[in-house]
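Below are the chains, spelled out letter by letter.
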Amino acid sequence: RRPRGCRGRGVHARLARSPRTAGSVTRRKPKGSAQLAVAYLRVSTEDQRLGPEAQRAAIVAWAERAGVTVAAWHTDQGVSGSADVEARPGLVAALGELRALGAGVLVVAKRDRVARDVGIACAIERAVAKLGACVVAADGNGNGDDPASVFMRRILDGAAEHERGIIRARTKAALAVKAARGERI
């Protein structure tokens, strides 16, 4: 069984006839195993102590339902969802594990754990695909490779970016009120 969200990728290396080698068989880049996942957890602030545990529980429950083995866990604590890939040591390590383990799935609890920026979310999805894997949300939203699922992922990514903007505006307003009262920030 393949987890929803993985685009028809086989678990074995595919063989192809190469026109350059006149009939010899060459190996294409192997695709990751759809039954092996690397988990990625992200929380925006160091203070979110409960966040990683809740994300881990959601991923464990998904893995049990889907019959997938989670081979590695990586966390970015105190990292914004708008941070580039290079600024996320946990995500960089997770991408490395996808390649090293031959895993076919990068699993997150919810789509907004990937990124709170549409462009960054798409870049991460492309990087994962280049490794022969796919991004799957444990909550099931936006998983699949049909047009409706792709559209849903873009909507979820846009909503996450919008929510980031609202959080930023609310925080800025609260700090302005404290400053106006003369309180230390």
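Predicted, not measured: the structure shown is a model, and the values here were computed from it. (Residues numbered from 1 in each chain as written. Predicted model: local features only at pLDDT ≥ 70, side-chain atom pairs only at ≥ 80, totals over all residues. Heavy atoms only, no water.)

Looking at this model, I keep getting lost on the overall build of the protein chain. Mind explaining?
Scanning the protein chain for helices and strands turns up four helices and six strands. Ordered by position from N to C terminus, the α and β elements of the protein chain give β-β-β-α-β-α-β-α-β-α. A separation threshold of at least 6 residues defines the contact pool for the protein chain, and within that pool the share at least 24 residues apart is 69%. When the accessible area of the protein chain is evaluated, it comes to approximately 10,300 Å², of which 57% is carbon and sulfur surface. (Helix = DSSP H or I, 4+ residues; strand = E, 2+ residues; numbered from the N terminus. Contact = heavy atoms within 4.5 Å. Areas by Shrake-Rupley, 256 points an atom, 1.4 Å probe, with all protein chains shown as cover.)

I'm lost on the confidence of the model for the protein chain in this one. Help?
Parts of the model with low pLDDT should not have their predicted coordinates read in detail. Scored by pLDDT, the protein chain has a mean of 82; 81% of the residues are at 70 or more. Counting contacts from residues 7–29, a segment whose pLDDT is below 50, to residues more than four positions away or on other chains yields 43 contacts. (pLDDT = per-residue confidence, 0-100.)

It is not clear to me how the side chain of arginine 153 should be interpreted in this structure. Could you clarify?
Structurally, arginine 153 is set in helix H4 (residues 147–180). In terms of polar contacts, arginine 153 uses its side chain to reach the backbone carbonyl oxygen of glycine 142, at 2.7 Å. (Polar contact = N/O pair within 3.5 Å; in protein donor to acceptor, adjacent residues only side chain to side chain.)

When you look at the sheet that holds strand E6 (residues 134–137) in this model, what are you seeing that I'm missing?
The strands making up a sheet associate through hydrogen bonds between their backbones, and the pairing can be parallel or antiparallel. In spatial order, the strands read E4-E3-E5-E6; together these four strands make up an open sheet with parallel pairing. In this open sheet, the two edge strands, each paired with only one partner strand, are strand E4 (69–77) and E6. Direction aside, the axes of adjacent strands within the sheet are offset by 30 degrees on average. As paired elements, strand E3 (residues 33–43) and strand E5 (residues 103–108) share four bridges and run parallel to each other. By the bridge assignment, serine 33 is partnered in E5 with alanine 103. Running over the sheet, helix H2 (residues 89–101) touches E3, E4 and E5 and is turned about 160 degrees from E4. (Pairing = 2+ DSSP bridges. Axes fitted to C-alpha atoms, helices over the stretch in contact; angles between N-to-C directions.)

How should helix H3 (residues 118–130) be read in this particular structure?
An α-helix turns once every 3.6 residues. As a result, residues three or four positions apart point the same way. Taking 1.5 Å as the rise per residue, H3 with 13 residues should run 18 Å; its terminal C-alpha atoms sit 18 Å apart, in good agreement. Every buried residue belonging to H3 is among Ile120, Ala121, Cys122, Ile124, Glu125 and Val128, and all of these are buried. Tucked inside the fold, the buried residues of H3 contact H2, E5, E6 and H4. One side-chain oxygen at the N-terminal end of H3 lies 2.9 Å from the backbone nitrogen of glycine 119; it belongs to aspartate 117. Phi for glycine 132, located one or two positions after H3, is positive at around 80 degrees. (Expected span 1.5 Å × (residues − 1). Buried < 20%, exposed > 50% of the residue type's maximum accessible area, 1.4 Å probe, protein only.)

I tried to follow the pattern of salt bridges on my own but got confused; where do I start?
Opposite charge on two side chains permits them to pair, given that their charged atoms come into close proximity. Across all of its chains, the model carries 10 salt bridges by this definition. Between arginine 154 and glutamate 125 there is a salt bridge, with its nearest N and O atoms 3.5 Å apart. Here the residue arginine 154 occupies a position in helix H4, and glutamate 125 occupies one in helix H3, the gap between them amounting to 29 residues. Notably, a salt bridge pairs glutamate 183 with lysine 178, separated by 3.6 Å at the nearest N-O pair. The partly exposed category is assigned to lysine 178, whose relative accessible area is 35%. Among the charged side chains, a salt-bridge network with shared partners connects Arg111, Glu125, Arg153, Arg154 and Asp157. (Salt bridge = Lys/Arg side-chain N within 4 Å of Asp/Glu carboxyl O.)

I would appreciate a short explanation of the side chain of arginine 116 in the present structure.
Along the chain, the position of arginine 116 falls in the loop between E5 and H3. Within polar-contact distance, the side chain of arginine 116 engages the backbone oxygen of alanine 160 at 3.4 Å.

So what exactly am I meant to see when it comes to a nonpolar patch on the surface here?
On the surface, a cluster of nonpolar side chains totalling about 290 Å² of accessible area is made up of Phe151, Met152 and Ile155. By the secondary structure assignment, phenylalanine 151 is in helix H4. Residue phenylalanine 151 is classed as exposed on the basis of its relative accessible area, which comes to 55%. (Patch = residues over 30% accessible without salt bridge, like charges linked within 9 Å, V, L, I, M, F, W, Y side chains within 5 Å.)

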